[in-house]
Amino acid sequence: MKKRLTNNLLLKIISVFAAVLLWIIVINIDNPTDTFTISDIPIQVLNEQSAITDNGLTYEIVGSQTVSVEVTARRTDRRRITAEDFEATIDLNEIYGATGSVAVNISVVGDRSLIRSWTQITRSVEVRVESLETKEFEIQVIQEGEPEESYTVSGQTVDPGTVRVTAPESIMSNIDHAGIIVDVSGASDNIETSGEIVLYGRNGQEIDLSNERIVMSASEAQVSLSMVKTNQISVDVVVTGQDQVADGYQYITYQCEPQTISVTGAKALIAEFDKLTITEDLTGASGNVTRTYEVDELLPEGLEAADEASRTIQVTYQIEQLAQRSFRIAGSQVELVGAAEGMSYQMGDEDAVVVTLEGLSEDLERVESSEISVSVDVSGIDGSGTYVRTPEVRLPEEYRTYFEVSVADVRVIASAQTDESTEPSGEASSESPESSSGTEGASPADQSGQ
């Protein structure tokens, strides 16, 4: 008997069906209630025109555009209750100015019999109100891609040429310009096209035009681009008077921008014209000189600049003020030419020669005193006394073109080296210093003992 019951499939099916039927009967008799949340109830705005639009203002609900309620209903009715059974509204005439908050009013618009009770979760929302601004922007053509080699865009027309934009103040402050993108990849013929007008911010990023608070007078524009054949030519700068700049200054070099330009015009002229020459006279100039040249004024008749980047050339001529640096060369480092045996020589009271170099500060900083050689011709001086001589300065080969060298005449104090036991100390030679040297500028000096 037990085995028959456990192996009877029909009996098992009847048992499951009976259990389900019993559960349905219990639920229909008891039908408990559930509490659950209904979300995504859209907010409807009241009195938008009278409170906002008519006053030249605009608004934006900060955060979510929907609200939620907590509902209690019978479990069997739960699935029948949706967000469409509720209506949420805000009245813009009731904005609290200090915080911008507005009370949310929620009501049941569906079958009330399905809902035992409900509780409002979202009680207020923040509304940002700001002024509307209107500005007009010129529509710029933004080229994408590169035309066919040796071709460029020489002219363009945009219809309409401007677009009027109305937007909240916070958005308008970020709008920099309006543009329309045109693909010129591989183009050699004139282009006629239309495209969507795009607004760009100061950072170059596109402004999101899906914002309903941005209104434009036009969404598209017609564009015509004229394509012309071009030739790339170099810019040659000829400088004159570079050796006649103001005293105390030195011409260094020039910087030219751009170094090549695109020109267009008659094909025969383009083929023959391979460079543009600019001549500038720097005579008497002191300090850097910047010149801006109009290309069309320098080109021969029949040629013109092919694009905006080629219309002007700016050249900066670098002219730096010279500096001076003095070096003290000790007497022991001075080469004495023609020194007589038995004589000692001193270069002035400080026994040194001062050499002054004039040149660019950057170059002067590299010079070491050990690189400067000084010699003094003392030939013919064979008696004690003071003589005037002009030192000779020698610089390394790489410095000779960098600097102007100046050195003052030096007083050579000559002393005869004698045996103190045979000659009184300080006795001077009887020979006149003037006759001992034929060097120009030599003069008698106060001789010891005279």
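Scroll up a little and you will see the structure.
First, a word on what this report is: a plain description of the structure on this page. These figures come from a predicted structure and were not determined experimentally.

Section: the overall build of the chain
Then comes step 1: On a plain count of helices and strands, the chain comes out with eight helices and 31 strands.
Then comes step 2: Per-residue burial over the chain gives 35% buried out of 450 residues.
Then comes step 3: Residue pairs in contact within the chain that sit at least 24 positions apart in sequence constitute 75% of those at least 6 positions apart.
Then comes step 4: Carbon and sulfur atoms make up 44% of the accessible area of the chain, which amounts to about 26,900 Å² in all.

Details of the packing of aromatic side chains
Then comes step 1: All chains considered together, the criterion is met by five aromatic pairs.
Then comes step 2: On the basis of an interplanar angle of 75° and a centroid distance of 5.9 Å, the ring pair of F86 and W118 is categorised as edge-to-face. Of this pair, F86 sits in strand β4 (residues 86-91) while W118 sits in strand β7 (residues 117-120), and the two are 32 residues apart along the sequence.
Then comes step 3: Judged by its relative accessible area of 29%, W118 falls in the partly exposed class.
Then comes step 4: Considering the side-chain rings of Y399 and Y402, the 6.5 Å spacing of their centres and the 40° angle between planes classify their relative orientation as tilted.
Then comes step 5: Members of the aromatic cluster, connected to one another through ring pairs, are Y399, Y402 and F403.

Re the sheet that holds strand β16 (residues 231-240)
Then comes step 1: Spatial strand order, β19-β16-β18-β21: four strands in an open sheet with mixed pairing. At either end of the open sheet lies a strand with only one pairing partner, and these are β19 (275-281) and β21 (303-305). Pairwise comparison of adjacent strand axes, ignoring direction, gives a mean angle of 40° for this sheet.
Then comes step 2: Where β16 lies against strand β18 (residues 260-265), four bridges are found, and the strand directions are antiparallel. Its bridge partner lying in β18, S234 is registered against T260.

Considerations on the pattern of salt bridges
Then comes step 1: The tally for this structure, following the rule as stated, stands at 16 salt bridges.
Then comes step 2: A salt bridge links D77 to R74; its shortest N-O distance comes to 2.8 Å.
Then comes step 3: Note on R74: relative accessible area 28%, which makes it partly exposed.
Then comes step 4: For K275, the salt bridge goes to D236, with nearest N and O atoms at 3.5 Å. Separated by 39 residues along the polypeptide, K275 in strand β19 and D236 in strand β16 bring together distant segments of the chain.
Then comes step 5: Judged by its relative accessible area of 39%, K275 is partly exposed.
Then comes step 6: With a relative accessible area of 26%, D236 lands in the partly exposed category.

Re the sheet that holds strand β30 (residues 404-407)
Then comes step 1: One open sheet accounts for three strands, arranged β23-β26-β30; its pairing is antiparallel. In the strand order of this sheet, the two ends are held by β23 (323-330) and β30, each with one partner. For this sheet the average axis-to-axis angle between neighbouring strands, irrespective of direction, equals 25°.
Then comes step 2: For strand β26 (residues 352-359) and β30, the ladder comprises four bridges, and the chain directions are antiparallel. Across the sheet, the residue bridging to V355 is V407, located in β30.

A look at the layout of surface pockets
Then comes step 1: For the largest pocket, the calculated volume is near 410 Å³.
Then comes step 2: Surrounding the largest pocket, 17 residues form its lining, E48, T58, Y59, E212 and R213 being those nearest its centre.
Then comes step 3: In terms of residue count, strand β2 (residues 57-62) provides more of the lining of the largest pocket than any other element does, five residues in total.
Then comes step 4: Looking at side-chain class alone, the lining of the largest pocket contains seven nonpolar, six polar and four charged residues.

Conventions adopted
- Residues numbered from 1 in each chain as written.
- Predicted model: local features only at pLDDT ≥ 70, side-chain atom pairs only at ≥ 80, totals over all residues.
- Heavy atoms only, no water.
- Helix = DSSP H or I, 4+ residues; strand = E, 2+ residues; numbered from the N terminus.
- Buried < 20%, exposed > 50% of the residue type's maximum accessible area, 1.4 Å probe, protein only.
- Contact = heavy atoms within 4.5 Å.
- Areas by Shrake-Rupley, 256 points an atom, 1.4 Å probe, with all protein chains shown as cover.
- Phe/Tyr/Trp six-rings, centres within 6.5 Å; stacked < 30°, edge-to-face > 60°.
- Pairing = 2+ DSSP bridges.
- Axes fitted to C-alpha atoms, helices over the stretch in contact; angles between N-to-C directions.
- Salt bridge = Lys/Arg side-chain N within 4 Å of Asp/Glu carboxyl O.
- 1 Å grid on protein atoms, 1.4 Å probe; cavity = no way out; pocket = protein on both sides within 12 Å on 5 of 7 lines; lining within 4 Å.
- Points joined across faces, edges and corners; volume = space filled by probe spheres on them.
- Nonpolar A, V, L, I, M, F, W, Y, C, P; charged D, E, K, R; others polar.

What is shown is where atoms sit, not what they do.
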